[in-house]
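Coordinate inspection notes
Listed here are the chains, written in short residue letters.
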Number of protein chains: 2
Amino acid sequence: MGESNAATPRERYRAQVRTEIKEHAWEQIATAGASALSLNAIAKRMGVSGPALYRYFAGRDELITELIRDGYRSLADTLRAAAADGADLSGLAHALRGWALEDPHRYFLLYGTPVPGYHAPDDTTAISSEIMATLLDACAGLTQEAPAAPFAAHLEEHRGWAGDHPAPPAALHLAMSFWTRMHGVLSLELAGHFTGMRIDPAQLFAAELDDLLRQRSA
Amino acid sequence: MGESNAATPRERYRAQVRTEIKEHAWEQIATAGASALSLNAIAKRMGVSGPALYRYFAGRDELITELIRDGYRSLADTLRAAAADGADLSGLAHALRGWALEDPHRYFLLYGTPVPGYHAPDDTTAISSEIMATLLDACAGLTQEAPAAPFAAHLEEHRGWAGDHPAPPAALHLAMSFWTRMHGVLSLELAGHFTGMRIDPAQLFAAELDDLLRQRSA
DNA sequence: AAAGTTTCGTTAGAAGCTATCACGAAACCT
DNA sequence: AGGTTTCGTGATAGCTTCTAACGAAACTTT
């Protein structure tokens, strides 16, 4: 998961229990969502009693924060693996959608309604930058130099969100548009807003992606 | 709010208390979000004790369902008022963003992470269709007949989501794209994903809207 | 190997929440 | 004025997070 290499056997055991707790937490999140995550229920399923978990996590908020961090890590790895397999921007889009459909509640944990008691550690913004970097790698080849919209200049000015990735302004703009548009259709699909409408989310996603790729590139 | 006209004074009083409860609930939601909504806290602020509220709402879920219904009603009214004032699609976009920024937690209550114990009543889908109808009114004039993409045909097939609005397929496609794209940027902005990036959400929103309007119309 | 120290898991408890029940009191209708 | 409905209350069960105190197990040091 994350912290595996340990010096003392104590830390080794501690890390093992931590990941076991997180596994149960993910299972619970996938079932009923993050709002229904209960330390007590996790303890019960682990055959251990209530407050024992507080030796491993300061509280519910710290556990959720850790889960969010692992979630970002999982997404970043998934996208990077897809890119390594030669996926273009379209391939990344489908990798993203596949990852989201795999566990909708996990997607909402990262990109849905913010969790009240949670404040993002610097760690996650770094992983987020990593995600943006793989996006930008795929965008770099697709854009023409040409337009240079006024907003692209603003994006170039603060390119810290992409880890100072050396991409042309048009690529920055494309990556940002990719993110917001894919998130738009995906989050509405996962929330079930299309089921009542009898609309096929896959077709809508494909159409939105197609429209995004048509204007730029080619 | 909703149920104002009452026959008997009993029903009048009942309706008044219900709206008072909802007002406190909105206040609480605007402060700490829907997940922190507590019937007990509402009762305490109303100077009444605990279970008294169960005379007016069957439970937390019914209250939240009612709030969601009122939220949709509020958004539909806001957009319709803007349209009546002569707002075009761009105007509707800014009306939507203004409404969302006015109370971010309200937006997330409608379009964010789905609430576990809640199932949308038929009522809200009707209001949702009303929202789509005002969107389609603004889209009808902007589109050329031309393209007729394969996805637009699918949208035309099930046009129930727009209340069977008599708009050309291209307009249906534009309205759907408008919805998903505006939601994409808005939800990420409201969740605070841009603040860490030093990106101006207003400029991103404007750029996304501009891009949406440029390809169609003109 | 024995003693000391740290860490673990337990039970007990405070404070909060949703929700149900039974009862007295107020308001309404006849 | 009397009968019925509705309201608000306190009590109670069961759930939650989280703190505190204690015994036992495990690791470290002598």
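What you are looking at is a predicted structure, and each value in this text was computed from that prediction instead of being measured. (Residues numbered from 1 in each chain as written. Chains lettered and ligands numbered in written order. Predicted model: local features only at pLDDT ≥ 70, side-chain atom pairs only at ≥ 80, totals over all residues. Heavy atoms only, no water.)

Overview of the protein's contact with DNA strand C
Counted only if it meets this: A cutoff of 4 Å decides nearness: a residue is near a molecule or strand if any of its heavy atoms lies inside that distance of it. In protein, a polar contact means a hydrogen-donor-capable atom and an acceptor-capable atom, both N or O and within 3.5 Å, with residues adjacent in sequence counting only if both atoms are side-chain atoms; elsewhere, any N or O pair within 3.5 Å suffices. Helix and strand definitions here come from DSSP, where helices need a minimum of 4 consecutive H or I residues and strands a minimum of 2 consecutive E residues; each element is numbered from the N-terminal end. Each residue is assigned to one of three groups, with Ala, Val, Leu, Ile, Met, Phe, Trp, Tyr, Cys and Pro labelled nonpolar, Asp, Glu, Lys and Arg labelled charged, and all others, Gly among them, labelled polar.
Taken together, 19 residues lie near DNA strand C, and A:Arg55, A:Tyr56, B:Leu39, B:Asn40 and B:Arg60 sit nearest. Each atom of DNA strand C within 4 Å of the protein was classed as base or backbone; sugar and phosphate made up 61%. One of the backbone N or O atoms of B:Leu39 is found 2.6 Å from a phosphate oxygen in DNA strand C. With respect to DNA strand C, the backbone of B:Arg60 contributes an N or O atom lying 2.7 Å from a phosphate oxygen. For the surface near DNA strand C, the element with the most residues is helix α1 (residues 9-32) of chain A, which contributes three residues. Here the residues of the surface near DNA strand C are counted per class, giving nine nonpolar, four polar and six charged.

Brief notes about the packing of aromatic side chains
To describe a pair of aromatic rings, one takes the distance between the centres and the angle between the planes. Note the threshold: Think of it this way: a Phe, Tyr or Trp ring, Trp meaning its six-membered ring, pairs with another when their centres are within 6.5 Å, and the plane angle makes it stacked under 30 degrees, edge-to-face over 60, tilted otherwise. For the exposure calls, accessible area comes from a 1.4 Å probe over protein chains only, and a residue counts as buried if that area is under 20% of its type's maximum, exposed if over 50%, partly exposed in between. We call a charge positioned over a ring when the NZ of a Lys or the CZ of an Arg lies within 6 Å of the ring centre and within 35 degrees of the ring normal.
On inspection of all chains with the given rule, the structure shows 12 aromatic pairs over all chains. Ring geometry for A:Phe194 against B:Trp179: centres 5.8 Å apart, planes inclined by 90°, an arrangement best described as edge-to-face. Of this pair, A:Phe194 sits in the loop between α8 (169-190) and α9 (201-215) while B:Trp179 sits in helix α8 (residues 169-190), placing the two residues on different chains. Summarising the burial analysis for this pair, A:Phe194 and B:Trp179 share the class buried. Ring plane angle 70° and centroid distance 6.3 Å describe the contact between B:Tyr111 and B:Trp179, whose orientation is recorded as edge-to-face. Of this pair, B:Tyr111 sits in helix α5 (residues 104-111) while B:Trp179 sits in helix α8, placing them 68 residues apart in sequence. Aromatic ring contacts, followed pair by pair, group A:Tyr72, A:Trp99, A:Tyr107, A:Phe108, A:Tyr111, A:Trp179 and B:Phe194 into a single cluster. Over the ring of A:Phe205 we find A:Arg97, and its NZ or CZ is 5.5 Å from the ring centre.

Considering the protein's contact with DNA strand D
Around DNA strand D, 19 residues are found, and the nearest of them are A:Leu39, A:Asn40, A:Arg60, B:Arg55 and B:Tyr56. B:Tyr13 has a polar side-chain atom sitting 2.9 Å from a phosphate oxygen of DNA strand D. Here a phosphate oxygen of DNA strand D and a side-chain polar atom of B:Tyr56 are 2.6 Å apart. Class assignment for the residues of the surface near DNA strand D results in nine nonpolar, four polar and six charged.

Observations concerning the packing of helix α1 (residues 9-32) of chain B against helix α3 (residues 60-84) of chain B
Residues and elements named next belong to chain B. To keep things clear, this is the line we draw: Only C-alpha atoms enter the line fits that serve as axes; for helices the fit covers just the stretch in contact. Angles between N-to-C directions range over 0 to 180 degrees. When describing relative orientation, an angle under 35 degrees is termed roughly parallel and one over 145 degrees roughly antiparallel, while 65 to 115 degrees is termed roughly perpendicular and anything else oblique. Contacts: residue pairs with any heavy atoms within 4.5 Å of one another.
Taken N-terminus to C-terminus, the directions of α1 and α3 make an angle of 80°; their axes are 11 Å apart at the nearest point. Considering the angle they form, α1 stands roughly perpendicular to α3. Contacts from Arg-18, Ile-21, Lys-22, Ala-25, Trp-26 and Ile-29 of α1 reach α3 at Glu-62, Leu-63, Glu-66, Leu-67, Asp-70 and Gly-71.

Notes on the domain arrangement of chain A
How big an interface is tends to be stated in terms of the accessible area lost upon association of its parts. Residues and elements named next belong to chain A. For clarity, the cut-off: For the purposes of this description, domain bounds are those given by an automatic or database domain assignment. Take the accessible area each of two parts loses on contact, using a 1.4 Å probe, and add the two losses: that sum is the buried area. One side-chain nitrogen of Lys or Arg within 4 Å of one carboxyl oxygen of Asp or Glu is enough to make a salt bridge.
Segmenting chain A into domains produces domain 1 (1-57) and domain 2 (61-215). Of note, the centres of domain 1 and domain 2, computed from C-alpha atoms alone, are 29 Å apart. Of the roughly 1200 Å² buried where domain 1 meets domain 2, counting both sides, 71% is carbon and sulfur surface. When the buried surface of domain 1 facing domain 2 is broken down by residue, Lys-22, Trp-26 and Phe-57 rank first, second and third, together holding 45% of it. Remark: the boundary between domain 1 and domain 2 carries three salt bridges.

What to know about the interface of chain A and chain B
Counting from both sides, the interface comprises 42 residues of chain A and, opposite them, 42 residues of chain B. Between chain A and chain B lies a buried interface of about 3500 Å² when both sides are counted; carbon and sulfur atoms form 67% of it. At the boundary of chain A with chain B, the tally comes to 10 residue pairs in polar contact (both at pLDDT 80 or more). For the side of chain A that touches chain B, the elements supplying multiple residues, two or more each, are α5 (104-111), α6 (122-140), α7 (150-157), α8 and α9 of chain A.

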